[in-house]
Amino acid sequence: MRRGLGLCAAGRRVRGIVNWLGKRDNVTPEAAARLEEFFERFADGSRPLLLLDYDGTLAPFRVDRFQARPWAGMRELLGQIQRQGRTRMAVITGRPAAEIAPMLGLNPPLEVWGLHGAERLYPDGRRELEQAPEATQAKLEELREFLKRDSLGGLFEDKANGVVMHWRGASRQKAEQIERRTRELFEPLARMEGLALLDFEAGLELRVGRNKGGAVEAILAETAKDAPVAYLGDDLTDEAAFRAVQRVGRGGLSVLVRREWRHTAADLWLRPPPELKRFLERWYFASS
Ligand SMILES: [Mg+2]
């Protein structure tokens, strides 16, 4: 059986198990060394960057997404790191950015990049949104109206920068049927200027604007070159962000947060919530 807190870069299997900090976690020697190396970079007084996905990473999935509260203890830990005043934190989510602050309950709220990066919401309330050309917007609007009348058997979500079809929770046969009909509808439109498809687990999005990798790059462009940066996420949409963080070099750490392992570009794999909590505790102590 694969164990959590393993090194799983580029699909390599988790290898060997050692104890980490004498606690219950199991960690491969490679993962332990990588973590050690990463947190050593905090010693020189740099300002680390902590980039976090929300659903599936800080909070368990709920079919009703407004019920997806953070894992127990997560809010307190993030609050502690926030109060240290050293780490720059941001959430990068597929949701509209405004949904995160009430769910996370931090004061002041964190900077949030919503709609997979197409939207930026600053802690002071300023908001930026990427727009598509007018002809593309008109096509999207047509599709919205269609999906409001016929949601293809799935759950239609209307977003400021696109349309989303979800099939989470459907039987396998039903999910395949919804996916096929969704692709027939979305794929021809994805060839239009400014539109792109975004695959995620149990759904497909047709959208305008940068993806999570683009959001990470935009944040990194505003950050000191030597600052350690970590990105934590669970979904296929987080893979672009993992790769963006890896382009930084050894100071960049990409972490897959997920109960079950899957093929990923990430450097490390943590199982939530216990391993994620211990990772954040270590972050807190490293920046003390
Ligand atoms: Mg997620």
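Numbering of residues starts from 1 in each chain and follows the order in which that chain's sequence is written. Local features in this predicted model are restricted to residues of pLDDT 70 or higher, and side-chain atom pairs are both shown and tallied only at a pLDDT of 80 or more, whereas totals for entire chains, interfaces and linings draw on every residue.

Peer 1: Where do I start with the sheet that holds strand β9 (residues 155–159) in this structure?
Peer 2: Consider a sheet: its strands pair through backbone hydrogen bonds, and that pairing is either parallel or antiparallel. At least two DSSP bridges between two strands are required for those strands to pair. Only runs of H or I of at least four residues qualify as helices and only runs of E of at least two qualify as strands under DSSP, and these elements are numbered from the N terminus. Here four strands make up an open sheet; going across it, the order is β9-β10-β12-β11 and the pairing antiparallel. Across the chains shown, the open sheet's two edge strands, defined by having one partner strand only, are β9 and β11 (195–200). Between one strand axis and the next, the sheet turns through 15° on average, direction left out of account. Bridging between strand β10 (residues 162–166) and strand β12 (residues 203–208) involves five bridges; their strand directions are antiparallel. Residue Met165 lies in a different strand from β12, and its bridge partner there is Leu204. Remark: residues whose backbone-derived C-beta atoms lie within 7 Å of one another are considered to be in contact. Here an axis means a line fitted to C-alpha atoms, over the contact stretch when the element is a helix, while the angle between two N-to-C directions is reported on a 0 to 180 degree scale. Packing against the sheet, helix α4 (residues 134–149) makes contact with β9, β10, β11 and β12, and its axis sits at approximately 35° to β10. Each of β10, β11 and β12 touches helix α5 (residues 172–189); the most contacted strand, β12, lies at about 15° to it.

Peer 1: Before we go on, may I ask you to explain helix α8 (residues 274–286) in this structure?
Peer 2: Helical geometry note: an α-helix holds 3.6 residues per turn, so side chains three or four residues apart project in the same direction. Helix length check: α8 (13 residues) gives 18 Å between terminal C-alpha atoms against 18 Å at 1.5 Å per residue, within 8%. For the exposure call, what matters is how many other C-beta atoms sit within 10 Å of a residue's own: 20 or more marks it buried, 12 or fewer exposed, and in between partly exposed, using C-beta atoms placed from the backbone. Regarding α8, the residues found buried are Glu275, Leu276, Phe279, Leu280 and Trp283. Taken around the axis of α8, the buried residues stretch over an arc of 140°, which confines them to a single face. A helix is expected to reach a length of 1.5 Å times the quantity of its residues less one. In this context, the arc is that of the directions from the helix axis out to the C-beta atoms.

Peer 1: Hey, could you run me through the domain arrangement of the protein in this one?
Peer 2: Think of interface size as the accessible area that goes away when the parts come together; that is how it is often given. Each domain of the protein was delimited in the assignment, giving domain 1 (6–125 + 224–286) and domain 2 (134–208). The centre of domain 1, based on its C-alpha atoms, is set 28 Å off from the matching centre of domain 2. Each partner contributes to the interface: domain 1 provides 10 residues, whereas domain 2 provides 11 residues. In terms of residue class, the side of domain 1 that touches domain 2 is made up of five nonpolar, three polar and two charged. Either an automatic procedure or a domain database provided the assignment from which the domain bounds are taken. Ten residues, namely Ala, Val, Leu, Ile, Met, Phe, Trp, Tyr, Cys and Pro, are considered nonpolar, four, namely Asp, Glu, Lys and Arg, are considered charged, and the remaining ones, Gly among them, are considered polar.

Peer 1: Help me understand the pairing of β9, please; the structure alone is not making it clear to me.
Peer 2: On a regular strand, one side chain projects to one face of the sheet and the next to the other, so that they alternate. Here five bridges tie β9 to β10, and the two strands are oriented antiparallel to one another. Looking across to β10, one finds that Phe156 is bridged to Met165. In textbook terms, the turn of a hairpin is the stretch between consecutive antiparallel strands, and for β9 and β10 this stretch comprises two residues.

Peer 1: How do you make sense of the environment of Pro102 when you look at a structure like this?
Peer 2: Inspection of the secondary structure puts Pro102 in helix α3 (residues 100–104). Residues Pro102 and Glu119, 17 residues apart in the sequence, show an inter-C-alpha distance of 17 Å.

Peer 1: Would you mind going over helix α1 (residues 29–40) with me for this structure?
Peer 2: Counted at 1.5 Å a residue, the expected span for α1 with its 12 residues is 16 Å, and the 16 Å between its end C-alpha atoms agrees. Listed as buried for α1 are Ala31, Leu35 and Phe38. Viewed along the axis of α1, the buried residues span an arc of 65°, placing them on a single side of the element. Exposed residues lying more than 90 degrees from the buried face of α1 are Pro29, Ala33, Glu36 and Glu40.

Peer 1: Help me understand the pairing of strand β6 (residues 111–114) in this model?
Peer 2: In terms of strand pairing, strand β5 (residues 88–92) meets β6 through three bridges, oriented parallel. In the sheet register, Ala90 faces β6, and the bridge partner there is Glu111. Sheet topology places β6 next to strand β7 (residues 119–121); three bridges connect them, and they run antiparallel. Considered in β7, the bridge of Gly114 is made with Glu119. Linkage of β6 to β7, two consecutive antiparallel strands, is achieved through a turn of four residues, within which Leu115 is found at a positive phi near 50°.

Peer 1: Help me out: how do you make sense of the nonpolar core in this one?
Peer 2: By convention in this section, buried Ala, Val, Leu, Ile, Met, Phe, Trp, Tyr and Cys residues joined through C-beta atoms within 7 Å make up a nonpolar core. In terms of nonpolar packing, the biggest core is built from 51 residues, with Leu51, Val216, Ala230, Tyr231, Ala241, Val245 and Val255 touching the most fellow members. Here the element with the most residues in this core is helix α7 (residues 239–246); it accounts for five residues. Within the second largest apolar cluster, 14 residues are counted, among which are Ala118, Ala132, Phe186 and Val208.

Peer 1: Which parts of the structure should I look at to understand the confidence of the model for the protein?
Peer 2: Every residue is assigned a pLDDT by the predictor, reflecting its confidence on a scale from 0 to 100. The pLDDT averaged across the protein works out to 90; a share of 91% of its residues lies at or above 70. This stretch, residues 8–24, has a pLDDT under 50; its non-local contacts, to residues over four places away or in other chains, come to 30 contacts.

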